[in-house]
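The lines below spell out each chain.
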Amino acid sequence: MNQVEIWTDGACKGNPGRGGWGALLRYGSHQKELYGGEQPTTNNRMELMAVIQALRVLKRHCSVIVHTDSQYVQKGMTEWLSGWKQRGWKTAAKKAVKNADLWQELDALAQKHQLEWRWVKGHAGDPGNERADALANLGVEQIKDEL
């Protein structure tokens, strides 16, 4: 099975505000960089969008290690998702899950691959995370340029 490593990050200038997402994908000696942005948005939406966009480019079933500095994304996928689905996209407090549209899309994409989630501390020198952060900030700047 193809082994892919992905580093993702989101950025937001104001929360909500102008946001960007970035992803670095590595497969063997190949590397791909992705970024984009939205306005208005939140940091959490951009963190989710980074993973979604990275998984969208995979054309066949892969074994994927996702590195994220977002505990929101990592815990959402490994701890909270199954409960949200069982409760009809409600939290344990019976409130609507925030960003349910993106969680549902990420869940559907995740079903196509074998995923391992790794949390990394942001801005702590992990080269993949640092590059994903730079790409997310490019996404923010892209939105600035479009205004």
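This one's a predicted model, so the numbers in the text were calculated from it and none came from an experiment.

Draft legend 1. Representation of the environment of alanine 54. Here alanine 54 lies in helix α1 (residues 43-56). The sequence separation of alanine 54 and glycine 88 amounts to 34 residues, and the corresponding C-alpha distance is 26 Å. Beyond its immediate stretch of four places on either side in the chain, alanine 54 contacts Ile6, Ala23, Leu25 and Leu34.

Draft legend 2. Quick peek at the pattern of salt bridges. With the rule as written, the count across this model stands at five salt bridges. Its salt-bridge partner being lysine 85, residue aspartate 107 comes within 2.9 Å of it at the nearest N-O pair. Here lysine 85 lies in helix α2 (residues 71-86) and aspartate 107 lies in helix α3 (residues 100-110), a separation of 22 residues in the sequence. Since its relative accessible area comes to 40%, lysine 85 is described here as partly exposed.

Draft legend 3. Expanded view of the environment of leucine 135. Position of leucine 135 relative to the elements: it lies in helix α4 (residues 127-146). For leucine 135, a relative accessible area of 0% gives the class buried. Setting aside chain neighbours within four positions, we find leucine 135 in contact with Trp21, Gly22, Ala23, Leu24, Glu33, Leu34 and Tyr35.

Draft legend 4. How the structure looks around α2. Helix length check: α2, at 16 residues, gives a terminal C-alpha distance of 21 Å against a target of 22 Å (1.5 Å per residue), a fit within 8%. Here α2 has its buried residues at Tyr72, Val73, Gln74, Gly76, Met77, Leu81, Gly83 and Trp84. On its buried face, α2 sits against α1, β4 (62-68), α3 and β5 (114-119). Phi turns positive, to about 70°, at glycine 88, one or two residues after α2.

Draft legend 5. Representation of the sheet that holds β4 within the structure. Sheet architecture is open: five strands sit in the order β3-β2-β1-β4-β5, paired in mixed fashion. Edge positions in the sheet fall to β3 (30-41) and β5, since each has one partner strand and no second. For this sheet, the mean inter-axis angle between neighbouring strands, taken without regard to orientation, is 20°. Relative to β4, strand β1 (residues 2-14) runs parallel, the two sharing seven bridges.

Draft legend 6. Main features of the UniProt feature "binding site: Mg(2+) 1" (unreviewed entry) in the protein chain. In this numbering, the UniProt entry assigns the feature "binding site: Mg(2+) 1" (unreviewed entry) to Asp9, Glu47 and Asp69. Maximum C-alpha separation among the annotated residues is 8.8 Å over a sequence range of 61 residues, consistent with a single clustered spot. Considering the arrangement of structural elements, one finds aspartate 9 in strand β1. With a relative accessible area of 2%, aspartate 9 lands in the buried category. Mapping aspartate 69 onto the fold places it in the loop between β4 and α2.

Draft legend 7. A look at the nonpolar core. Counting residues in hydrophobic clusters, the biggest one holds 32 residues, and the most contacted among them are Ile6, Leu55, Leu58, Val64, Trp103 and Leu106. Contributions of two or more residues to this core are made by β1, β2 (17-27), α1, β4, α2 and α3. Counting residues per element, this core draws most heavily on α1, at eight residues. Dropping the residues within four chain positions of it, leucine 58 is found in contact with Val4, Ile6, Leu25, Val64 and His113.

Conventions used here
Residues numbered from 1 in each chain as written. Predicted model: local features only at pLDDT ≥ 70, side-chain atom pairs only at ≥ 80, totals over all residues. Heavy atoms only, no water. Helix = DSSP H or I, 4+ residues; strand = E, 2+ residues; numbered from the N terminus. Contact = heavy atoms within 4.5 Å. Salt bridge = Lys/Arg side-chain N within 4 Å of Asp/Glu carboxyl O. Buried < 20%, exposed > 50% of the residue type's maximum accessible area, 1.4 Å probe, protein only. Expected span 1.5 Å × (residues − 1). Pairing = 2+ DSSP bridges. Axes fitted to C-alpha atoms, helices over the stretch in contact; angles between N-to-C directions. UniProt positions renumbered as here; feature names shortened; annotations may be inferred. Core = buried A, V, L, I, M, F, W, Y, C linked by side-chain atoms within 4.5 Å.

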